[in-house]
Amino acid sequence: MKIKFLKTIFLLALSTSALTSCVGDDDYVIPTVFSYAFNEGFESSPTGSGSVEVPIALEGWVNYNATSTRLWHARTFSNNIYTEFSSFYSAAGTNDVAWLITPAIDLTATSGEILSFTTKTRFSNGYPMTAFISTDYDGTTAGIATATWTPLTFTTPSTDDVFVNSGNIDLSAYESDNVRIAFKYTGSKSGVTTTLQLDNIKITKN
């Protein structure tokens, strides 16, 4: 009876060892949880379709076209909402310098801040978007022309119809409570008309 009992214990231990040995180290890796100083995916923005455009009107944002009347607007596809601009739909003879600027972001109490966003192009005939950062913009449309805008370098799509991540843009040098990120679409009905879609604007922090 004692030998049978010991044999049973041995078999149970062997089975347990075999089961646990199948579990890899990756099964115990805890997913990274990011903390955000800013996070906007436009999911609360009303969307348009076809020729109906619903401009982005989120609190604190500035949506302004310096040379025409059309604005960045919200669209949806495959249950994802994003903002979009294309000069293809602008009136003949017009140019577009369309700004979309975030609210003031406070980076004074954080460190190691990293900006990222995603963009997608459609019907490309030139890349139309530039991105900037400012710490002295006053939040008015008149103030766009007088603010100091530092260009940001980011990864752009190499093919159409695929959202591409901008890459990590280091903002750790900006210790201000008035950090603004601006996205500017420059095009015209007779020039660059590429459809540009923008989404998932995030600033991670330590």
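See the structure above.
Participant: Help me understand the environment of Ala109 in this model?
Facilitator: Structurally, Ala109 can be placed in the loop between β5 (95–101) and β6 (114–122). Residues Ala109 and Ala37, 72 residues apart in the sequence, show an inter-C-alpha distance of 9.7 Å.

Participant: How do you make sense of the layout of surface pockets when you look at a structure like this?
Facilitator: Over the atoms rolls a probe the size of a water molecule, and in doing so it shows where empty space is left. Put simply, the largest pocket is a space of about 290 Å³. What lines the largest pocket is a set of 15 residues, and nearest its centre among them are Arg75, Tyr82, Glu84, Arg122 and Gln197. Among the elements of the structure, β3 (73–77), β4 (80–85), β6 and β12 (195–205) are those that each provide at least two residues to the lining of the largest pocket. Sorting elements by how many residues they give to the lining of the largest pocket places β3 first, with 3 residues. The class makeup of the residues in the lining of the largest pocket is 4 nonpolar, 6 polar and 5 charged.

Participant: What should I look at first to understand the packing of aromatic side chains in this one?
Facilitator: Aromatic ring pairs are described here by two measures, namely the spacing of the ring centres and the angle between the planes. As enumerated under the stated definition, the model contains 12 aromatic pairs in all. Residues Phe42 and Trp61 carry aromatic rings whose centres are separated by 5.6 Å and whose planes lie at 55 degrees to one another, so their mutual orientation is tilted. Here Phe42 is found in the loop between β1 (35–40) and β2 (62–65), whereas its partner Trp61 is found in the loop between β1 and β2, with 19 residues between them in sequence. In this structure, Phe42 and Trp61 share a single accessibility class: buried.

Participant: In this structure, what is going on with the environment of Arg180? I would like to understand it.
Facilitator: With respect to the helices and strands, Arg180 occurs in strand β11 (residues 180–188). Among the residues examined, Arg180 registers a relative accessible area of 10% and is labelled buried. Residues Arg180 and Trp61, spaced 119 residues apart in sequence, show a C-alpha to C-alpha distance of 9.6 Å. In this structure Arg180 touches Gly60, Ile101, Thr102, Pro103, Ala104, Phe132, Ile133, Ser134, Tyr137, Asp138, Gly139 and Trp149, once residues within four positions along its chain are discounted. In this structure the side chain of Arg180 is engaged in a polar contact, spanning 3.1 Å, whose partner is the side chain of Asn178.

Participant: Is there a simple way to think about the pairing of β12 in this case?
Facilitator: Every regular strand shows the same layout, with side chains that alternate between the two sheet faces. Counting buried positions over the 11 residues of β12 gives 8, a clear majority of the element. Pairing of β1 with β12, which is carried by 5 bridges, proceeds in the antiparallel orientation. Considered in β12, the bridge of Ser35 is made with Lys205. Relative to β12, β4 runs antiparallel, the two sharing 3 bridges. Residue pairing for β12: Phe85 is matched across the bridge by Leu196.

Reading guide: rules and limits
- Residues numbered from 1 in each chain as written.
- Predicted model: local features only at pLDDT ≥ 70, side-chain atom pairs only at ≥ 80, totals over all residues.
- Heavy atoms only, no water.
- Helix = DSSP H or I, 4+ residues; strand = E, 2+ residues; numbered from the N terminus.
- 1 Å grid on protein atoms, 1.4 Å probe; cavity = no way out; pocket = protein on both sides within 12 Å on 5 of 7 lines; lining within 4 Å.
- Points joined across faces, edges and corners; volume = space filled by probe spheres on them.
- Nonpolar A, V, L, I, M, F, W, Y, C, P; charged D, E, K, R; others polar.
- Phe/Tyr/Trp six-rings, centres within 6.5 Å; stacked < 30°, edge-to-face > 60°.
- Buried < 20%, exposed > 50% of the residue type's maximum accessible area, 1.4 Å probe, protein only.
- Contact = heavy atoms within 4.5 Å.
- Polar contact = N/O pair within 3.5 Å; in protein donor to acceptor, adjacent residues only side chain to side chain.
- Pairing = 2+ DSSP bridges.

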